[in-house]
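# Structural description and commentary
Residues per chain, in single letters:
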Amino acid sequence: MSYYLHEDIPDRGSIYVRENGQLYKLNQNPGRGNNHAPNPGPSRLFSKGFSVELCVNRGNDNGRTDHFIFTYTKEGNLRYSAKSLFNLVLSYIADNINHVDSLTGFPEQIAEKLFYAADARQKFSEPKTGICALQKFTDVYGSLVLRMLCLKKSYLVISEKLEEIKSFKDLVCLDLSCCKLGDDHDLLQHITNATLSSLVRLLLKDNCLSDAGLRKMTAPVRIMKRGLENLTVLDLSYNPGITSMGIRYLLSFKKLNYLDLSGTGLKCTKATICQVQSQIGLVHSEEPLEEFDHHNCKTEGWAEQTILQWQHAILESIKAKEKLKSRTAAQCFYGKRHKKEKSFEFLDEKESEKSEKLQFYRRNTDMSNISVLQETTEMNEELQNKDTVTHEQKGPIFESKHLTFSVADWDLLNSY
């Protein structure tokens, strides 16, 4: 194949022609008078170091930076095609998510793809910029990023990723079972903030809580009428430091329908059942309630894979430390024995099932009977007779309906 070239035509660069399945390059020589261009050899479209990889899923590039997608036809031939402009722009924004000012106005469908693209590049796991990148999504989309969070037996994840966990807003369910947080942990103070006022289900099983911890948790609700005001399910089981005094702080949870006090300082007696029923309005359940089944709690939202990555990374670091411990133990077999480090002893699930259940639920008004009311009045009279004797020893206590705040409560309020 040949082309006629005229002198008056400007030079527009090289011309490529495909003939018989091969690509040829036609060189223009405007200074010469030859009408026919020479027949050059075949030219390469890509450089010699160009590598080819098959991309099966076109939607998810998994952090690839090239602009081509290679697929195989039915005949077995390799075919390449350029990525769509949307995927190119999405990849570029995901690579530079730290430089984005705000995501306000982005549709949810595009934001979800952008979040997954940034997560595939592990932008949320970076130590310095991960928190900032994650907050840009949580500030705008809230519960879509994470609606339910399960951190059961994940104390190391909480300690390593505390600031990232605090960035999650509009959580509905939070499971912190068997984390040994204690009364003064920063995460418990964060739970009482207005950012988690949407929290409906809170599981604090086996966290070394006491009456002082309950006082701090309920202070914003009792004094400022904000915080955990929408709480419906509360699990305080296996916290031996919680006594009958701590139950009085739960009066501020007006929407509380389910309460678990198994394994606490309270025992399953008629006095305890009457106290909870008269003050909070919950009825004792003889059978275990499904609301406290921890198997149903899971992590749900866009950041589900992000949480799994955090947990996997920490587990890998633990395994590496265990290998080092085994080596040092073998080396020091004939030497002096080192002191054993204190480790967290988590509650066994089999032991918790065998223990006595002390769970309460709110009964509907239609199901209430007169006989139940008579029993509660009789038990109230017995409790009042006992309280009159020990009232001077215990000091000022809360009233049944209207709560009186002490100096410690006001000091706690000023700390928020």
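Residues numbered from 1 in each chain as written. Predicted model: local features only at pLDDT ≥ 70, side-chain atom pairs only at ≥ 80, totals over all residues. Heavy atoms only, no water.

A word on the overall build of the chain. Looking only at helices and strands, one finds 13 helices and 11 strands in the chain. Taken over 416 residues, the chain has a buried fraction of 36%. Looking at the chain alone, contacts between residues at least 24 apart form 72% of all its contacts between residues at least 6 apart. For the chain, the computed accessible surface area is about 26300 Å², with 51% contributed by carbon and sulfur atoms. (Helix = DSSP H or I, 4+ residues; strand = E, 2+ residues; numbered from the N terminus. Buried < 20%, exposed > 50% of the residue type's maximum accessible area, 1.4 Å probe, protein only. Contact = heavy atoms within 4.5 Å. Areas by Shrake-Rupley, 256 points an atom, 1.4 Å probe, with all protein chains shown as cover.)

Looking at the element boundaries, Lys153 is found in the loop between strand 5 (148–150) and helix 4 (155–160). Using a relative accessible area of 40% as the deciding quantity, one classes Lys153 as partly exposed. C-alpha separation for the pair Lys153 and Cys179, spaced 26 residues apart in sequence, amounts to 5.2 Å.

As a further point, take the confidence of the model for the chain. For the chain, the average pLDDT comes to 76, and 65% of its residues sit at 70 or higher. Below pLDDT 50 for its whole length, residues 365–374 participates in three contacts with residues either more than four positions away or in separate chains. Contacts for the low-pLDDT stretch residues 387–403, under 50 throughout, to residues beyond four places or in other chains number 14 contacts. (pLDDT = per-residue confidence, 0-100.)

Adjacent strands of a sheet pair through backbone hydrogen bonds, lying either parallel or antiparallel. Taken together, seven strands build an open sheet; the order of strands is 5-6-7-8-9-11-10 and the sheet is mixed. With partners counted over all chains shown, the strands left at the sheet margins are strand 5 and strand 10 (283–285), one partner each. Averaged over neighbouring strand pairs, the angle between their axes works out to 10° when direction is ignored. Looking at chain direction, strand 10 and strand 11 (residues 359–361) are connected through three bridges and run antiparallel. Counted as the bridge partner of His284 is Phe360 from strand 11. (Pairing = 2+ DSSP bridges. Axes fitted to C-alpha atoms, helices over the stretch in contact; angles between N-to-C directions.)

Per the counting criterion, the structure on display carries seven aromatic pairs. Note on Phe115 and Phe124: the rings are 4.6 Å apart at their centroids and 25° apart in plane angle, and the pair reads as stacked. Measuring from ring centre to ring centre gives 5.1 Å for Phe115 and Phe137, while their planes differ by 90°; the resulting arrangement is edge-to-face. In this pair, Phe115 is assigned in helix 2 (residues 108–120) and Phe137 in helix 3 (residues 130–141), connecting sequence segments 22 residues apart. Members of the aromatic cluster, joined through ring pairs, are Phe115, Tyr116, Phe124, Phe137, Tyr141 and Trp302. (Phe/Tyr/Trp six-rings, centres within 6.5 Å; stacked < 30°, edge-to-face > 60°.)

So, about the environment of Gly182. Mapped onto the fold, Gly182 is located in the loop between strand 6 (173–175) and helix 6 (186–191). Linking Gly182 and Gly213, residues 31 residues apart in sequence, is a C-alpha distance of 7.6 Å. The residues touching Gly182, leaving out its near neighbours within four places in the chain, are Leu188, Asn207, Cys208 and Leu209.

A separate point is unusual backbone geometry. For Asp206, which is not glycine, the phi torsion reads 55° and is therefore positive. Looking at where Asp206 falls in the secondary structure, it is placed in the loop between strand 7 (201–203) and helix 7 (211–224). Its identity is not glycine, yet Lys225 carries a phi of approximately 60°, on the positive side. Note that Lys225 resides in the loop between helix 7 and strand 8 (233–235).

Two elements in contact, helix 2 and helix 3, have axes whose closest approach is 12 Å; the angle formed by their N-to-C orientations is 155°. The pairing of helix 2 with helix 3 is recorded here as roughly antiparallel in orientation. Relative to helix 3, the crossing made by helix 2 is left-handed. For the pair helix 2 and helix 3, the contacting residues are Glu108, Ala111, Leu114 and Phe115 in the first and Leu134, Phe137 and Tyr141 in the second. For the contact of helix 2 with helix 3, the per-class residue count stands at six nonpolar, no polar and one charged. (Parallel < 35°, antiparallel > 145°, perpendicular 65-115°, else oblique. Left-handed = near helix turned anticlockwise from the far one by under 90°. Nonpolar A, V, L, I, M, F, W, Y, C, P; charged D, E, K, R; others polar.)

Another point: helix 7. With 14 residues, helix 7 should cover 20 Å at 1.5 Å per step; its first-to-last C-alpha distance of 20 Å lies within 8% of that length. The largest bend in helix 7 is about 50°, located at Thr218, with the proline Pro220 one to four residues further on. Of all 14 residues making up helix 7, 11 are buried, and the element is well covered by its neighbours. Positive backbone phi, approximately 60°, marks Lys225, located one or two places after helix 7. (Expected span 1.5 Å × (residues − 1). Bend = angle between axes of the 7 residues up to and from the residue.)

Leu202, Leu236 and Leu259 are the most contacted members of the largest nonpolar core, which totals 64 residues. A per-element tally of this core places helix 2 first, with five residues. For Leu202, the residues in contact, after removing those within four places along its chain, are Leu174, Ile191, Met217, Leu228, Leu231, Val233, Leu234 and Asp235. (Core = buried A, V, L, I, M, F, W, Y, C linked by side-chain atoms within 4.5 Å.)

Let us look at helix 9 (residues 270–279). An α-helical turn contains 3.6 residues, so a residue and the one three or four places further along point in the same direction. Among all positions of helix 9, only Thr272, Cys274, Gln275 and Val276 are buried. Of the residues one or two after helix 9, Gly281 is the one with positive phi, at around 85°.

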